[in-house]
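# Observations on the three-dimensional arrangement
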Amino acid sequence: MSELFGYGLYILVIAGACAVGYGVLKLASADKSRSGGGGSEPFKWMGGGVLAIMISSVLISILNGIAA
């Protein structure tokens, strides 16, 4: 079960990286004129992705520390 949980955490890291990439893509393609405004949505994607990467990295290091 622990091995399955570890794989899930690695998938969460990959999903977080994809969310950061999607946020960067939305930020790059946002309408930056005064009337359009990209809003804060790209930063929400990037922040959520970074948070997912950080939490799963901490959990992976804790699991590796317990297993060692």
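Starting afresh in each chain, residues are numbered from 1 along the sequence in its written order. Local features in a predicted model are, by the rule used here, given only for residues with pLDDT of at least 70; side-chain atom pairs are given and counted only at 80 or more, and totals for whole chains, interfaces and linings are based on all residues. Think of the side-chain values as coming from all heavy atoms in the structure, minus any hydrogens and water.

## Here we look at the packing of aromatic side chains
Here the aromatic set is Phe, Tyr and Trp, taking the six-membered ring for Trp, and pairing holds for ring centres within 6.5 Å; pairs whose planes are under 30 degrees apart are stacked, those over 60 apart are edge-to-face, and all others are tilted. For the coordinates displayed, the defined rule picks out one aromatic pair. Taking 4.7 Å as the distance between ring centres and 75 degrees as the angle between the ring planes, the aromatic pair formed by Tyr 22 and Trp 45 counts as edge-to-face. Here the residue Tyr 22 occupies a position in helix 1 (residues 2–28), and Trp 45 occupies one in helix 2 (residues 41–67), the gap between them amounting to 23 residues. A residue is classified by how much of its surface remains accessible, and Tyr 22, at 36% relative accessible area, is partly exposed. Since its relative accessible area comes to 37%, Trp 45 is described here as partly exposed. In DSSP terms, a helix is any run of H or I states spanning at least four residues, a strand is any run of E spanning at least two, and both are numbered starting from the N terminus. Partly exposed residues are those whose accessible area sits between 20% and 50% of the maximum for their type, while under 20% is buried and over 50% is exposed, using a 1.4 Å probe and protein chains only.

## What to know about the pattern of salt bridges
Take a side-chain nitrogen of Lys or Arg and a carboxyl oxygen of Asp or Glu: if they are within 4 Å of each other, that pair is a salt bridge. For the structure shown, the criterion picks out one salt bridge. In this structure, Glu 41 engages Lys 26 in a salt bridge whose closest nitrogen and oxygen atoms are separated by 3.9 Å. A residue pair is termed long-range when its members are at least 10 positions apart, and Glu 41 in helix 2 and Lys 26 in helix 1 qualify at 15 residues.

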